[in-house]
Amino acid sequence: MINKVSKIYVAGHRGMVGSAIVNHLKSLGYENIVTRRSGELDLRNQLEVEYFFSQEKPKVVIDAAARVGGILANRDYPYQFLIDNLKIQNNLIEFSLLNDCEKFIFLGSSCIYPKFSPQPIKEDYLLTSELEATNEAYALAKIAGVKACEYVRKQFGKDYSSLMPTNLYGPRDNFDLETSHVLPAMITKFYEAKQQGNQPVILWGTGSPMREFLHVDDLAAAVTFALENELPDNLYNVGTGVDITIKELALMIQQIVGHSGDIIWDDSKPDGTPRKLLDVSKMKTLGWEAKTSLKEGIIETYEWYLENSYNLKKVKIS
Ligand SMILES: NC(=O)c1ccc[n+]([C@@H]2O[C@H](COP(=O)([O-])OP(=O)(O)OC[C@H]3O[C@@H](n4cnc5c(N)ncnc54)[C@H](OP(=O)(O)O)[C@@H]3O)[C@@H](O)[C@H]2O)c1
Ligand SMILES: C[C@@H]1O[C@H](OP(=O)(O)OP(=O)(O)OC[C@H]2O[C@@H](n3cnc4c(=O)[nH]c(N)nc43)[C@H](O)[C@@H]2O)[C@@H](O)[C@H](O)[C@@H]1O
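Treat the numbers as computed from the prediction; the structure is a model and nothing was measured.

Right, let's get into the overall build of the protein chain. A tally of regular secondary structure across the protein chain gives 10 helices and 12 strands. For 318 residues, the compact-globule estimate of 2.2 N^0.38 gives 20 Å, and the protein chain sits close to it at 19 Å. Taken along its principal axes, the extent of the C-alpha atoms in the protein chain is 60 × 40 × 40 Å. Out of the 318 residues in the protein chain, the part that is buried amounts to 53%. Put simply, 82% of the contacts in the protein chain that link residues at least 6 apart link residues at least 24 apart. Distance from the positive charge centre (35 side chains) to the negative charge centre (41 side chains) of the protein chain: 2 Å.

For the rest of this paragraph, the subject is the sheet that holds strand β5 (residues 159–165). Taken together, six strands build an open sheet; the order of strands is β2-β1-β3-β4-β5-β10 and the sheet is parallel. If you trace the sheet from one side to the other, it starts and ends with β2 (33–34) and β10 (235–238), each paired once. Where strand β1 (residues 8–11) lies against β2, two bridges are found, and the strand directions are parallel. Across the sheet, Tyr 9 pairs through a bridge with Val 34, a residue of β2. Each of β1, β2, β3 (60–63) and β4 (103–107) touches helix α1 (residues 16–27); the most contacted strand, β1, lies at about 155 degrees to it. In this fold helix α4 (residues 78–98) packs onto β1, β3, β4 and β5, with an angle of close to 170 degrees to the strand it touches most, β4.

Soluble globular proteins tend to bury their nonpolar side chains together. In terms of nonpolar packing, the biggest core is built from 38 residues, with Tyr 9, Leu 43, Phe 53, Leu 92, Phe 104 and Tyr 113 touching the most fellow members. Looking at this core, the elements with two or more residues in it are β1, α2 (46–56), α4, β4, α5 (136–156) and β5. Broken down by element, this core gets its largest block of residues, seven residues, from α5. Those residues in contact with Phe 104, other than ones at most four positions away along the chain, are Val 61, Asp 63, Leu 92, Ile 93, Ser 96, Cys 149, Asp 159, Tyr 160 and Ser 161. Counting 32 residues, the second largest nonpolar core, distinct from the first, contains Ile 62, Leu 168, Leu 214 and Val 223.

Here we take up the pairing of β1. Residues Ile 8 and Val 10 point to one face of β1 and Tyr 9 and Ala 11 to the other, with burial holding for every one of them. The parallel pair β1 and β2, bridged by α1, forms a crossover whose chirality is right-handed.

Our next topic: the pattern of salt bridges. Applying the stated criterion across every chain, the model contains 18 salt bridges. A salt bridge links Asp 243 to Arg 275; its shortest N-O distance comes to 2.7 Å. On the criterion of sequence distance, the pair formed by Asp 243 in the loop between β10 and β11 (244–245) and Arg 275 in the loop between β12 (263–266) and α9 (281–286) is long-range, its members being 32 residues apart. Taking the relative accessible area as the measure of exposure, Asp 243 reaches 12% and is therefore buried. The salt bridge partner of Glu 289 is Lys 284, with a shortest N-O separation of 3.7 Å. In this structure, a network of salt bridges that share partners links the residues Asp 42, Arg 44, Arg 67 and Asp 84.

All right, on to the UniProt feature "active site" (unreviewed entry) in the protein chain then. With numbering aligned to this structure, UniProt lists the feature "active site" (unreviewed entry) at Tyr 138. Relative to the helices and strands, Tyr 138 resides in helix α5. Among all residues touching Tyr 138, those that are not within four sequence positions of it are Arg 67, Val 68, Asn 74, Phe 81, Asn 85, Ser 109 and Cys 111.

If you add up the space inside the second largest pocket, you get close to 220 Å³. Here the residues of the lining of the second largest pocket sort into four nonpolar, one polar and five charged.

Rules used throughout
Residues numbered from 1 in each chain as written. Chains lettered and ligands numbered in written order. Predicted model: local features only at pLDDT ≥ 70, side-chain atom pairs only at ≥ 80, totals over all residues. Heavy atoms only, no water. Helix = DSSP H or I, 4+ residues; strand = E, 2+ residues; numbered from the N terminus. Rg over C-alpha atoms; globule rule 2.2 N^0.38 Å. Buried < 20%, exposed > 50% of the residue type's maximum accessible area, 1.4 Å probe, protein only. Contact = heavy atoms within 4.5 Å. Lys, Arg positive; Asp, Glu negative; His and termini not counted. Charge placed at Lys NZ, Arg CZ, Asp CG, Glu CD. Pairing = 2+ DSSP bridges. Axes fitted to C-alpha atoms, helices over the stretch in contact; angles between N-to-C directions. Core = buried A, V, L, I, M, F, W, Y, C linked by side-chain atoms within 4.5 Å. Right-handed = clockwise from strand over helix to strand, strands pointing away. Salt bridge = Lys/Arg side-chain N within 4 Å of Asp/Glu carboxyl O. UniProt positions renumbered as here; feature names shortened; annotations may be inferred. 1 Å grid on protein atoms, 1.4 Å probe; cavity = no way out; pocket = protein on both sides within 12 Å on 5 of 7 lines; lining within 4 Å. Points joined across faces, edges and corners; volume = space filled by probe spheres on them. Nonpolar A, V, L, I, M, F, W, Y, C, P; charged D, E, K, R; others polar.

So this is what it looks like as C-alpha cells:
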C-alpha cells in the first residue's frame, strides 16, 4: 500500500511536468519524495542508475524525465529523441523491477498513436497504422516504454502503467523558440512582437492542424490519481477531450497578450499530424477529469512568463 511516507522517486523533477507533480504531491502531504538533477544522476547511464536504485530503493517511481521538444526539434534530432529516451526509460524500468519498486508510472505522449487515427483516439488504436514522420523517433521510444510496462504487469503482476498525456502547457515550460512546443512559442512570439511596436508574428505551418491542450497541473492531478488508485489496465489517455485549430490558438494568445500586428503563416515549416484528439473516457470512468479551461490556463501561464522571463529555461539539443 502507498501512503504519505512511502518513498516516491520523481524522475525529471525540474521539468515542467515533474515540478508540477512534486508540488501536487507535497500539497497533499506526501513527505518522502526523492529527486535528482540530471547533473547528479544521468538517467542514460546504466551504472549510475543501478547505484542510485540500490541505495534509495523507492517504493514508487514516476517517470517524468525525457528528452522533450516541439515539432522541429523532434524532426531534426531523431537520433537523440530515440536513443536518449530509450536509455532513460529502460534504466528506470529495469532497476525499478530489480529493486522491488511496487508502482511505476510511465509518461508518454499522444504522438504514440497513428498519424491518421480515427478521432477521438482510443487506447486500443496503438500500433494500428503508421506514425507521424516528424516525431516517429520519439513515438517509437515511448511505445517501447508503454510495452515494457505492459510486459512487467503481465509477466510479474506488478502495478506498472502508462499515462499518455496530450500536448501540455503551464508554468516552467520551455520557451525557447527553436525547441519549444507551440503554446509557449506563441506566448514568446506575441509578447516580443508587441514589445517591438506590434511587429508581425511568424508562425509555422498552415494553422489548420488541431491540437488538444492540457494544463500541467491537471496532469499532475491525474498522476496522483494513478498513484492513489490501482489502475486496472496498463494504458490510459490523459487530456481534456476538446481540441482547437492552431489558428484559433494563435488568435486566443494574441488577444491575451494584447498584440495587434499581423500573423504570417510560414508553410515551409511542417504541420505535423492533422489531428490527435484523445478519447479520455477510460480515465473519466475511473474518476479523473481535467478542470482547467484553456483560456484561464493560458492567462496563468502568460502571467508566469511575465514574472519569470528574465530567467527562462532554454532547452538546447546536443
Ligand atoms: N511537454 C509536453 O507537451 C508533453 C506532452 C505529453 C507528454 N509529455 C511527457 O512528460 C514528460 C516530461 O516532459 P516535460 O515537458 O516536463 O519536459 P521538460 O520540461 O523538458 O523536463 C524533462 C526533465 O527530464 C530530465 N532529464 C532529461 N534528460 C535526462 C537525463 N539524461 N538524466 C536525468 N534527467 C533527465 C530533465 O532534468 P534536469 O532538469 O535536471 O536536466 C528535466 O527535468 C516526458 O515524458 C514527456 O514525454 C510532455
Ligand atoms: C506533445 C509533443 O507534440 C509534438 O508535436 P506537435 O503537437 O506537432 O508539436 P508542436 O511543436 O507543439 O506544434 C504543434 C503545431 O503548431 C504549429 N506551430 C505554429 N507555430 C509554431 C511555433 O512557433 N512553434 C512550434 N513549436 N509550433 C508551431 C506546428 O507547425 C504544429 O502544426 C511532438 O513533436 C512531440 O513528439 C510531442 O508528442
